[in-house]
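Chain residues, written in single-letter form:
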Amino acid sequence: MSTQAAKTNAPLVCMSCHERLQGPLVCSHCGKLQASQEADYFALFGLPRKLRIEMAGLEQKFLQLSWKLHPDNFVNATEEERELSLKRSSELNDAYRALKDPIARVEYLLAIEGERKEGEKKQQAPPELLEEVFELNESLDELREAKAAGLELDGMKERLHAAEANFGRKLVEVDTEMQATAKDWDNALDRGADEAARKKIMARLNEHLNRRSYIRNLVVSVAKELAEA
Amino acid sequence: MGRTVGIDLGTTNSLVAYVDAATGQPKCIPGPYGNTLCPSVVSLDSDGSIIIGEPARKRLLTQPERTIYSVKRLMGRGLADVKEEVRLFPFRVDSASDKIIRVQLGGKSFTAPEISSFILRELKNWAEVYLSEPVDRAVITVPAYFDDAQRQATKDAGKLAGFEVLRLVNEPTAAALAYGLHEKKRGLVAVYDLGGGTFDISVLKLISTEEGDIYQVLAANGDTHLGGDDIDNLLQAFVHQQILQSDEIDFSPRGEIAQELRKELIALKHELSEIESATLRLPLPNGKIFQFEFTRGMLDALIRPVVDRTITPTKRALADAQLNAEQMDEVVLVGGTTRTPMIRRTVQEFFGRSPHTELNPDEVVALGAAVQANILERGVSNMLLLDVTPLSLGIETYGGAVGKIIPRNSPIPASAQEMYTTGVDNQTGIDIHVLQGERELAKDCRSLARFSLKVPPAPAGLPRVEVKFLIDANGILQVAARDVRTGESRQIEVRPSYGLNDAEIERMLEESIEYAEQDFAERQVIEARTEAESILMATSKALAGEQASALPAEDRAKIDAVVVALKESVAGNDYRLIRKRIDELNHATINLAEIVMNSAISTALKGKSVGEV
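Conventions we followed
Residues numbered from 1 in each chain as written. Chains lettered and ligands numbered in written order. Predicted model: local features only at pLDDT ≥ 70, side-chain atom pairs only at ≥ 80, totals over all residues. Axes fitted to C-alpha atoms, helices over the stretch in contact; angles between N-to-C directions. Helix = DSSP H or I, 4+ residues; strand = E, 2+ residues; numbered from the N terminus. Parallel < 35°, antiparallel > 145°, perpendicular 65-115°, else oblique. Left-handed = near helix turned anticlockwise from the far one by under 90°. Contact = placed C-beta atoms within 7 Å. Nonpolar A, V, L, I, M, F, W, Y, C, P; charged D, E, K, R; others polar. Expected span 1.5 Å × (residues − 1). Buried ≥ 20, exposed ≤ 12 C-beta atoms within 10 Å, placed from the backbone. Arc of directions from axis to C-beta. Pairing = 2+ DSSP bridges. Domains from an automatic or database assignment. pLDDT = per-residue confidence, 0-100.

A. Spatial organisation of the packing of helix 3 (residues 112-131) of chain B against helix 4 (residues 148-160) of chain B. Residue and element names in this part refer to chain B. Where helix 3 meets helix 4, the axes come as close as 8 Å, and the angle between the chain directions of the two elements is 50°. The angle between the axes of helix 3 and helix 4 places the two elements in the oblique class. Helix 4 is crossed by helix 3, and the crossing has right-handed handedness. Between helix 3 and helix 4, the residues in contact are Ala112, Pro113, Glu114, Ser116, Ser117 and Leu120 and Ala153, Asp156, Ala157, Gly158 and Leu160, respectively. In terms of residue class, the contact of helix 3 with helix 4 is made up of six nonpolar, three polar and two charged.

B. Representation of helix 12 (residues 553-571) of chain B within the structure. Residue and element names in this part refer to chain B. The end-to-end C-alpha separation of helix 12 is 28 Å, in line with the 27 Å expected for 19 residues at 1.5 Å each. Among the residues making up helix 12, those that are buried are Ile559, Val562, Val563, Leu566, Ser569 and Val570. Taken around the axis of helix 12, the buried residues stretch over an arc of 130°, which confines them to a single face. Exposed and facing more than 90 degrees away from the buried side of helix 12 are Ala553, Glu554, Ala557, Val564, Glu568 and Ala571.

C. How the structure looks around the sheet that holds strand 23 (residues 429-436) of chain B. All names here are of chain B. Overall, antiparallel pairing links the four strands, which are arranged 21-20-23-24 in an open sheet. For this open sheet the edge positions go to strand 21 (402-406) and strand 24 (446-454), each flanked by a neighbour on one side alone. The mean angle between the axes of side-by-side strands here comes to 30°, regardless of whether they run parallel or antiparallel. Note that strand 23 and strand 24 share eight bridges and pair antiparallel. Bridging across to strand 24, Asp431 finds its partner in Ser452.

D. A look at the pairing of strand 9 (residues 102-105) of chain B. Residues and elements named next belong to chain B. Pairing geometry for strand 8 (residues 92-93) and strand 9, over two bridges, is antiparallel. The partner of Val93 across the bridge, within strand 9, is Val103. Here four bridges tie strand 9 to strand 10 (residues 108-111), and the two strands are oriented antiparallel to one another. Following the sheet pairing, Gln104 is matched in strand 10 by Ser109. Linkage of strand 9 to strand 10, two consecutive antiparallel strands, is achieved through a turn of two residues, within which Gly106 is found at a positive phi near 55°.

E. Just the domain arrangement of chain A, in detail. Residues and elements named next belong to chain A. Taken domain by domain, chain A consists of domain 1 (11-100) and domain 2 (127-228). On the domain 2 side, the residues contacting the five residues of domain 1 number four residues. Taken together, the residues that form the side of domain 1 that touches domain 2 break down as two nonpolar, no polar and three charged.

F. Region of interest: the confidence of the model for chain A. The predicted model of chain A averages 82 in pLDDT, with 82% of residues at 70 or higher. In this model residues 1-11 of chain A is a low-confidence stretch, pLDDT under 50, and it forms eight contacts with partners more than four residues away in sequence or in other chains.

Next up, the structure:
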């Protein structure tokens, strides 16, 4: 356990050779893994907390860090170093997984900015969708009943397919909105926007995420119901 | 520290390989029968001794109730999982084996990891004899689609065999490593691995970087109960049907005749990979001979369902990698079952390109394991494997649903943190059920472990325990918990729901360890003695012959002295000394050998010692 001041702005030095660190995970001077620094996923990759990430660069950095951190390189090392390598390489992989996926990336950003807490995800229908969701649920019930009674399903299936396509389009819409808001976030960071402005953008991102997750669940459940019918 | 080897612990055959220091190339090690394939068959002799490999395979016919094959299918499984296939096995499974399957051989019962450890120990012996060095560390391969319990069982088997298991490597990944090294291929590679009992499909990206070559697995999928065995079972059922139709006798293949039939059918299957038709001849218990003409077309029709079952996992792996079949730069075939022409054709059609078959499909996995063993042994390397977890890791939530915490095809090591609290006042434990699989309900996923987090009594919702789930580079789960309020952390012992616990492993280890430690030295002494005896005999024979009179007296005196020294060393247990004296005698008898040879045949063998001719 280390209590080193990882969160201050003082230059960080390697635990082993005391050279100044270029990144939080590993010393570029002596190659030793670092135990104490708490880094978020963006910092781990040396990235600002922006939502647009260049994929080729991310992958290249991922591979570069994998060379240094992977447990294969520490088979003959001390128990302590082996543990550290396991911890660091799993963090690297987790970080890569989160940053690679545009949705997981937004979720992660909001989590570290304290704007989205675990279990806080709202599962209510977004108000503007209420009517359509109500209709959809009715159609689903009808389908289930008809199926149980052994009735003809073709007409109902057609309606559900239409609903599926409709919500599929809404999913694309929300993704487009998310992209636009993500751009707003990046721009806000660039111009050094104040906290209030940033919080406003994050609230919008949060709302997009909730809506997206709600619509996605709908699409999945309709697809499942149709596959079973 | 001894040498590190790579082992392919297969359903049908197992192999051991190493990297030759001089050439840098991996090589499979032959056993005492000159074959690199060790049949994964174990038999218990009536005197209690354990017979492994080829001689055990022969006993499948004579002692089927004392002999077990395809034990890999039982690794890390519960009785309910294997009910169907156990019916087809001639050996008996203990019906009382609820937590871990026990197999009855003769009067004794063994777990699957124990039986696998016998095979691993045999391969260890092969390697030690071949390399003349102790071998104590290994990389063992597993099907990419093996779950946590199956992996843990394999690791346990390695430990029981006296190995430090440096890493479990996925079979298709190992194959890609062997191919990458051999063919210097780059780009997107699909590895289609259909073995005796398991099917794996992996999609990899082979990348050259400044530091070296990276083998990055993008996605893996498969079926751990699909392979050549299933083809054999289908063939057996088909032939059984034919016999019933033709002979109208109640013939049910059991015991010896079942094994005889199985052996004939496997031979027939192999034949039909080479030629278009073959005849099966089977003597029946009623004295008649059942004869049936098989064509390749019939075999193809029979195995079509097996081949079709490989397509869905293949499509899923490609979808997870967000790629399609046409984008693959290379397709590699692994596993003996891919020798079947119909399977090759199907793979070729699916990917639209002819698959690689340059390396022996039986050996390629072991060769890759040896490469990885060599990488790990040296610690630094210009090659790096980045693998994934094949199955999603989840936690049971309210109503028996599963909350996914690490999705399938995440690069490993991978981790996830979950926060837990209590639901009622003074609750002292939080039950956690860890699962693996893609289904939404806990009952449809594979149960990995259940454990209870201890919490001090407190009002509901006040305790906060953070649980960290970590899948290590072997694909095996580790769990650690931390009390957020006190900061107190502890490691949680998670043994798979269908596995051995540490105490059981310790006990089994104790039982096997006594001979394990002496094994190597003992074998070396025995071999050195045998060799000494043969050279002593050859020398005394040569000295007794009439040509020996031509030998100068000083040579004679020198030989006599070394003979005495060698005989003395043979009485002791120092195999290095025995070898040294053998070398000395070989050297001292060069002139003698020459004289004997000159008079006997020709001068072609000049310069050789007595021991060598």
